[in-house]
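# Inside the fold
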Amino acid sequence: MPGSRLKAGGRPFAHIAQYHPELTALRRDLHAHPELGFEERYTSQRVQEALHLCGVDEIHRGMGRTGVVGVIRGHGHSSGSMVGLRADMDALPMTEHNDFAWKSCKPGLMHGCGHDGHTAMLLGAARYLAETRNFDGTAVLVFQPGEEGFAGARAMIDDGLFERFPVQSIFAMHNWPALKPGTVGLNSGPMMAAADRFTVEITGRGGHGAHAYQTVDVVLVAAHIITAAQSIVARNVRPIDSAVVSLCAVQAGDLGAFSVLPGSATLVGTVRTFDPQVQEMVERHLKELCHAIALGFGATASVHYERIYPATINSESEASFAGDVAQSLLGAEHVLRDLEPSMGSEDFSFMLQTKPGAYLRIGQGAGAGGGLHNSRYDFNDDILPLGAALHASLIEQAMPLATP
């Protein structure tokens, strides 16, 4: 097992670094047993066992189906404060191509985004906080299922998360291969884009490829829609705003039927935005464009537009506070407070729509496995004590014990 190679200031880091090998073993065990959203039964059980061994005050099971919430009360209670920390637990439906001993034991499933590490970091914070309780208030540790496309955060909220645990603020972090280990990045506004999905169903009239004049060619219609869709951002979104429209899949006809023009085609794509007004504009223009193009060729097009995840937007005060906490551990030169937003998405956004809070990125370096959602990705165990210490420090500094 590795020792703690990264260094950081503060008592939490020094304390947590002592059980770095145990956190590494736990993380690798979770990596070897990946589970999809709302199927995290093994992971949930391991979390519950770890929380029990830590000596937390309460363990709540089954929130949002497979979610777990741990509650730790500080030495002081006068503030009445309650602060939340969140980690996601689910894996991805992808095949792992690593060769190390802790690679996935489940074909077609992999922890390709580091949620195994996020869970281990929060459990490290739980152990420290339960052992020291150096804060005035209540820490709520949220182990969330189904982040990868299942809206597990919303499921926990719908299940009464914030009614049962009325936190004043909530924080989360995600490993980031583009940042060096020992660095933290965030900003005081948008961190991740809203993710929308759209499906375009085109209906025409099929026929023989040699007699195309007798058909309404849906492949031709699809091609015009694909090309024209790129004008939505280029000619409707202000350059100082951000949006992406991507057509990601096309299905029409049979590859073995080279002379048959199909009667229907389906396009699937995604829209990424930060501003709700831009989001609404893109949706409207996309629908108008698809209908108009299809009509021009004598076809019809129906557009089904789904808003999957909203934008992840940090509240200014909490982002500033989280940056200060990170700086107290790492020094100002290792905290990026103006980190560029990502056009990816994150369902912690649902929690930030309900409660003030901040989403941070903790650097882990690219390593040999490359970026997130890569079949050779692996979480960098060197950053486990730092992530756990950052979680714990957010609690201690948000709810400090009164000095005598």
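Residues numbered from 1 in each chain as written. Predicted model: local features only at pLDDT ≥ 70, side-chain atom pairs only at ≥ 80, totals over all residues. Heavy atoms only, no water.

### Some thoughts on the overall build of the protein
Counting secondary structure elements, the protein contains eleven helices and 16 strands. Scaling as 2.2 N^0.38, a compact globule of 404 residues should have a C-alpha radius of gyration of about 22 Å, and the protein matches this with 24 Å. Across the 404 residues of the protein, 56% fall into the buried class. In the protein, of all internal contacts separated by at least 6 residues, the share reaching a separation of at least 24 is 81%. For the protein, the separation between the mean place of its 30 positive charges and that of its 42 negative charges on side chains is 2 Å. (Helix = DSSP H or I, 4+ residues; strand = E, 2+ residues; numbered from the N terminus. Rg over C-alpha atoms; globule rule 2.2 N^0.38 Å. Buried < 20%, exposed > 50% of the residue type's maximum accessible area, 1.4 Å probe, protein only. Contact = heavy atoms within 4.5 Å. Lys, Arg positive; Asp, Glu negative; His and termini not counted. Charge placed at Lys NZ, Arg CZ, Asp CG, Glu CD.)

### Some details on the sheet that holds strand S15 (residues 335–336)
Spatially, eight strands are ordered S1-S2-S4-S3-S5-S16-S6-S15 in an open sheet, and the strand pairing comes out mixed. Among the strands making up the open sheet, the edge pair consists of strand S1 (58–63) and S15. The pairing of strand S2 (residues 67–73) with strand S4 (residues 138–144) spans six bridges and is antiparallel. Following the sheet pairing, Val71 is matched in S4 by Val140. Its contacts with the sheet place helix H9 (residues 316–330) against strand S5 (169–176), strand S6 (184–185), S15 and strand S16 (357–363), and it is angled at close to 35 degrees to S16. Its contacts with the sheet place helix H11 (residues 384–398) against strand S3 (82–88), S4, S5, S6 and S16, and it is angled at close to 160 degrees to S3. (Pairing = 2+ DSSP bridges. Axes fitted to C-alpha atoms, helices over the stretch in contact; angles between N-to-C directions.)

### What to know about unusual backbone geometry
For Arg65, which is not a glycine, the phi torsion comes out positive at approximately 80 degrees. As for its position among the elements, Arg65 is in the loop between S1 and S2. Residue classification places Arg65 among the exposed positions, given a relative accessible area of 59%. In this structure, Arg133 takes a positive phi of about 50 degrees despite not being glycine. Along the polypeptide, Arg133 turns up in the loop between helix H4 (115–132) and S4.

### Brief notes about the domain arrangement of the protein
For the protein, the assigned domains read domain 1 (11–192 + 311–398) and domain 2 (194–308). Summarising the inter-unit geometry, the C-alpha centres of domain 1 and domain 2 are found 38 Å apart. Between domain 1 and domain 2, the residue contacts involve eleven residues of the former and nine residues of the latter. Taking both partners together, domain 1 and domain 2 bury about 700 Å²; carbon and sulfur atoms supply 68% of that area. Sorting the residues of domain 1 by area buried against domain 2 places Ala311, Met343 and Ser345 first, and these three jointly supply 65% of that buried surface. The tally of links from domain 1 across to domain 2 stands at zero salt bridges. Residues that form the side of domain 1 that touches domain 2 fall into these classes: seven nonpolar, three polar and one charged. (Domains from an automatic or database assignment. Buried area = accessible area lost by both parts, 1.4 Å probe. Salt bridge = Lys/Arg side-chain N within 4 Å of Asp/Glu carboxyl O. Nonpolar A, V, L, I, M, F, W, Y, C, P; charged D, E, K, R; others polar.)

### Examining the packing of aromatic side chains
By the definition in use, this model includes five aromatic pairs. Look at Phe38 and Phe150: their rings are 5.9 Å apart centre to centre, the planes differ by 75 degrees, and that puts the pair in the edge-to-face class. Taken together, the residues span a long stretch of sequence, with Phe38 in the loop between helix H2 (20–32) and helix H3 (41–54) and Phe150 in the loop between S4 and helix H5 (152–158) at a distance of 112 residues. Taking the relative accessible area as the measure of exposure, Phe38 reaches 10% and is therefore buried. It is Arg28 that lies over the ring of Trp102; its NZ or CZ is 3.7 Å from the centre. The aromatic ring of Tyr19 is capped on one face by Arg127, whose charged end is 3.8 Å from the ring centroid. (Phe/Tyr/Trp six-rings, centres within 6.5 Å; stacked < 30°, edge-to-face > 60°. Lys NZ or Arg CZ within 6 Å of the ring centre and 35° of its normal.)

### Examining the UniProt feature "binding site: Mn(2+)" (unreviewed entry) in the protein
If you check UniProt for "binding site: Mn(2+)" (unreviewed entry), the listed places come out as Cys113, His115, Glu148, His174 and His373 in our numbering. What stands out for the annotated residues spanning 261 residues is how close their C-alpha atoms remain, the widest pair being 13.2 Å apart. For the largest pocket, the lining residues among the annotations just cited are Cys113, Glu148, His174 and His373. With respect to the helices and strands, His115 occurs in helix H4. (UniProt positions renumbered as here; feature names shortened; annotations may be inferred. 1 Å grid on protein atoms, 1.4 Å probe; cavity = no way out; pocket = protein on both sides within 12 Å on 5 of 7 lines; lining within 4 Å.)

### Let's talk about the packing of helix H7 (residues 218–236) against helix H8 (residues 276–296)
H8 packs onto H7 with a crossing angle of 150 degrees between their chain directions and a minimal axis gap of 10 Å. Judged by the sense of rotation from one axis to the other, the crossing of H7 with H8 is right-handed. Residues Val221, His224, Ile225, Ala228, Ala229, Ser231, Ile232 and Asn236 of H7 touch H8, and the partners they reach there are Met281, Val282, His285, Leu286, Leu289, Cys290, Ile293 and Ala294. Its residues assigned to classes, the contact of H7 with H8 shows twelve nonpolar, four polar and no charged. (Left-handed = near helix turned anticlockwise from the far one by under 90°.)

### Notes on H9
The end-to-end C-alpha distance of H9 is 21 Å, a good match for the 21 Å that 15 residues give at a rise of 1.5 Å each. Along H9, the residues classified as buried are Glu318, Ala319, Ala322, Gly323, Val325, Ala326, Leu329 and Leu330. Along the axis of H9, the buried positions cluster into a sector of 160 degrees, meaning they face one direction only. Opposite the buried face of H9, at more than 90 degrees from it, the exposed residues are Glu316 and Ser317. On its buried face, H9 sits against S5, S6, S15, S16 and H11. (Expected span 1.5 Å × (residues − 1). Arc of directions from axis to C-beta.)

### Quick word on the layout of surface pockets
Approximately 530 Å³ is the volume found for the largest pocket. Going through the elements one at a time, S5, strand S8 (194–203), strand S12 (264–273), strand S13 (300–309) and S16 are the ones with two or more residues in the lining of the largest pocket. The greatest single-element share of the lining of the largest pocket, amounting to four residues, is contributed by S12. Taken together, the residues of the lining of the largest pocket sort by class into ten nonpolar, eight polar and seven charged. Both domains that meet at the lining of the largest pocket, namely domain 1 (11–192 + 311–398) and domain 2 (194–308), each give it at least three residues. There is about 270 Å³ of room inside the second largest pocket. For the second largest pocket, the lining is made up of 13 residues, of which Glu22, Ala50, Leu53, Cys54 and Arg127 are closest to its centre. Sorting the residues of the lining of the second largest pocket by element identifies H2, H3 and H4 as the ones contributing at least two each. By residue number, the principal contributor to the lining of the second largest pocket is H3, which donates five residues. Of the residues assigned to the lining of the second largest pocket, the class counts are seven nonpolar, one polar and five charged. (Points joined across faces, edges and corners; volume = space filled by probe spheres on them.)

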